[in-house]
Amino acid sequence: MTWHSLFDLSTMEHRHLLFAYAAVLVIQGGYFGWIAWNWSHSKGTRH
Amino acid sequence: MEQRTHTLRSVAWLWFGISVAVLVVGFRQALFLTPTDAAQGDVGRIFYYHVPIAMLSLLFPYLNFAGSLAYLYWRRRDPLKALTADAFAVASAEVAVVYSTIVLLTGMLWGRAAWGIWWAWDARLTSMLLLWLLYVSYLVLRRFSSTGQSHTLAAVLSVFAAVDVPIVYMSIRWWRTQHPAPVFGGGPNSGMDKSMLPAFFWNLAGWAIWGVLILAFRFALERRRQIADQEAALQAIEASLEIPQ
């Protein structure tokens, strides 16, 4: 398989493969980003 | 204190770098280096994300269970320790929801392409959906309950939710299901071809290291919130005790 065939959306199997990998990366990255955003907008201890 | 913070930050960045590097190797192995499955075609490559993440999705509920039990034990004996246990419980519940959401989504995408259907109400899929609902309920209860006992109620719910984990695990052994048979420990015909092993284990390692990272990061965030709340409460008490001159 190549990068070109990964983004070949002409068949259902290739579309679903791309959607599955993209969903995993978006969900994991999104959750990490949400934690990082909250971390950067929260105050540390005063010590 | 300053030195400890600096060390923890360095370890976190190192851990982040290692997890991304292992995940990049796993991604490359799964999509570009492993031969295409003769029976399933390229859609079979979903397996390399679906199965490792499914295995890990059954571990985080047990961490939540351990944190909840510790909270229930310490809540009257040592409230500060109970708060730490509670932070660990909520962090592991969120990571469990993230991982089980991915399992359900990738499974449905594979099922539609391989079986021709998005969903089947068989024992594995239904028990996994139930697990996801239980941990979403846990988080919703914590977020919206206004009884003042929400952390205790959530901890009790967590103890019951953990019962579903062995049911999910054993469902494809106890019942004949639409879901494929177990890859490991499923009898003489189980296991996978040698050519699939590197992609599988790189992704298992990658998502495990990543899971530890987001669990630790979320735990640190919750602890920071708890300490900020304690400081705010302390300041309010101090202010109320000040006698006007």
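Since the model is a prediction, treat every value here as computed from it, not as a measurement.

Draft legend 1. A look at the overall build of chain B. Within chain B, the secondary structure is distributed over 8 helices and 0 strands. The order of helices and strands in chain B, counted from the N terminus, is α-α-α-α-α-α-α-α. C-alpha atoms of chain B, sized along the principal axes, occupy 85 × 40 × 30 Å. Taking all 245 residues of chain B together, 35% fall into the buried category. Counting only contacts in chain B whose residues sit at least 6 apart along the sequence, the fraction spanning at least 24 positions is 76%.

Draft legend 2. The arrangement of the interface of chain B and chain A in detail. Each partner contributes residues to the interface: chain B has 29 residues there, and chain A has 25 residues. Listing elements by their share of the side of chain B that touches chain A, those giving two or more residues are helix 1 (2–33), helix 4 (79–114) and helix 8 (197–241) of chain B. Of all the elements, helix 8 of chain B adds the most residues to the side of chain B that touches chain A, at 10 residues. Split by residue class, the side of chain B that touches chain A holds 18 nonpolar, 4 polar and 7 charged.

Draft legend 3. Spotlight on the environment of V98 of chain B. Within the secondary structure layout, V98 of chain B lies in helix 4. V98 of chain B has contacts with I27, Q28 and Y31 of chain A, leaving out every residue within four places of it along the chain.

Draft legend 4. Spotlight on helix 6 (residues 150–161) of chain B. Residues and elements named next belong to chain B. Helix length check: helix 6 (12 residues) gives 16 Å between terminal C-alpha atoms against 16 Å at 1.5 Å per residue, within 8%. H151, A154, A155, S158 and A161 are the residues of helix 6 that are buried. Taken around the axis of helix 6, the buried residues stretch over an arc of 120°, which confines them to a single face. Turning to helix 6, the residues buried within the fold contact helix 3 (60–77), helix 4, helix 5 (123–144) and helix 7 (164–174).

Draft legend 5. Quick peek at the confidence of the model for chain B. Within chain B, residue pLDDT values average 92, and 98% of them lie at 70 or more. Predicted complex, confidence summary: ipTM 0.92, pTM 0.92.

Draft legend 6. Molecular detail of the nonpolar core. Grouped together as the largest cluster of nonpolar side chains are 57 residues, with contacts concentrated most on A20 of chain A together with I46, Y49, I53, Y99 and Y135 of chain B. Broken down by element, this core gets its largest block of residues, 19 residues, from helix 4 of chain B. Not counting chain neighbours up to four residues away, the residues in contact with Y99 of chain B comprise I53, L56, S57, F60 and G211 of chain B.

Draft legend 7. Highlighting the packing of helix 3 of chain B against helix 4 of chain B. Residue and element names in this part refer to chain B. Between helix 3 and helix 4, the shortest axis-to-axis distance is 7 Å and the interhelical angle comes to 160°. The angle between helix 3 and helix 4 places the two elements in the roughly antiparallel class. For the pair helix 3 and helix 4, the sense of crossing is left-handed. Along the contact surface, helix 3 presents F60, P61, L63, N64, G67, S68, A70, Y71, W74 and R75, while helix 4 presents P79, K81, A82, A85, D86, F88, A89, S92, A93, V95, A96 and Y99. Split by residue class, the contact of helix 3 with helix 4 holds 15 nonpolar, 4 polar and 3 charged.

Draft legend 8. Representation of helix 7 of chain B. All names here are of chain B. Along helix 7, the residues classified as buried are D164, V165, V168, S171 and I172. Taken down its axis, helix 7 places every buried residue within 135° of arc, on the same side. Facing away from the buried side of helix 7 by more than 90 degrees, the exposed set consists of P166 and W174. Those residues of helix 7 hidden inside the fold are in contact with helix 3, helix 5 and helix 6.

Draft legend 9. Fine view of the environment of L72 of chain B. Residues and elements named next belong to chain B. Positionally, L72 belongs in helix 3. Of the residues examined, L72 has 19 C-beta atoms within 10 Å and is grouped as partly exposed. For the pair L72 and V156, spaced 84 residues apart in the sequence, the C-alpha separation amounts to 8.1 Å.

Here is what the cut-offs are and how they apply
In this numbering scheme, every chain counts its residues from 1 along its sequence in written order. The order in which chains are written sets their letters, starting at A; the order in which ligands are written sets their numbers, starting at 1. In keeping with the predicted nature of the model, local features appear solely for residues at pLDDT of at least 70, side-chain atom pairs appear and are counted solely at 80 or more, and the whole-chain, interface and lining totals rest on all residues. We count a stretch as a helix when DSSP gives it H or I for four or more residues in a row; a strand needs E for two or more, and each element gets its number in order from the N terminus. The exposure label follows from counting other C-beta atoms within 10 Å of a residue's C-beta, where the C-beta atoms are placed from the backbone and the thresholds are 20 or more for buried and 12 or fewer for exposed, leaving partly exposed in between. Whether two residues are in contact is decided by their C-beta atoms, placed from the backbone, lying within 7 Å. For this classification, Asp, Glu, Lys and Arg are treated as charged, while Ala, Val, Leu, Ile, Met, Phe, Trp, Tyr, Cys and Pro are nonpolar and the rest, including Gly, are polar. Each residue after the first adds 1.5 Å to the expected span of a helix. Along the arc lie the directions from the helix axis toward the C-beta atoms. The quantity called pLDDT is the predictor's confidence in a given residue, expressed from 0 to 100. Nonpolar cores are identified as sets of buried Ala, Val, Leu, Ile, Met, Phe, Trp, Tyr and Cys residues joined via C-beta atoms within 7 Å. Only the stretch in contact is used when fitting a helix axis, every axis being a line fitted to C-alpha atoms; angles between N-to-C directions are given from 0 to 180 degrees. Just so you know how the angles are binned, under 35 degrees is roughly parallel, over 145 roughly antiparallel, 65 to 115 roughly perpendicular, and the rest oblique. Should the near helix be turned counterclockwise from the far one by less than a right angle, the crossing is left-handed, whereas a clockwise turn marks it as right-handed.

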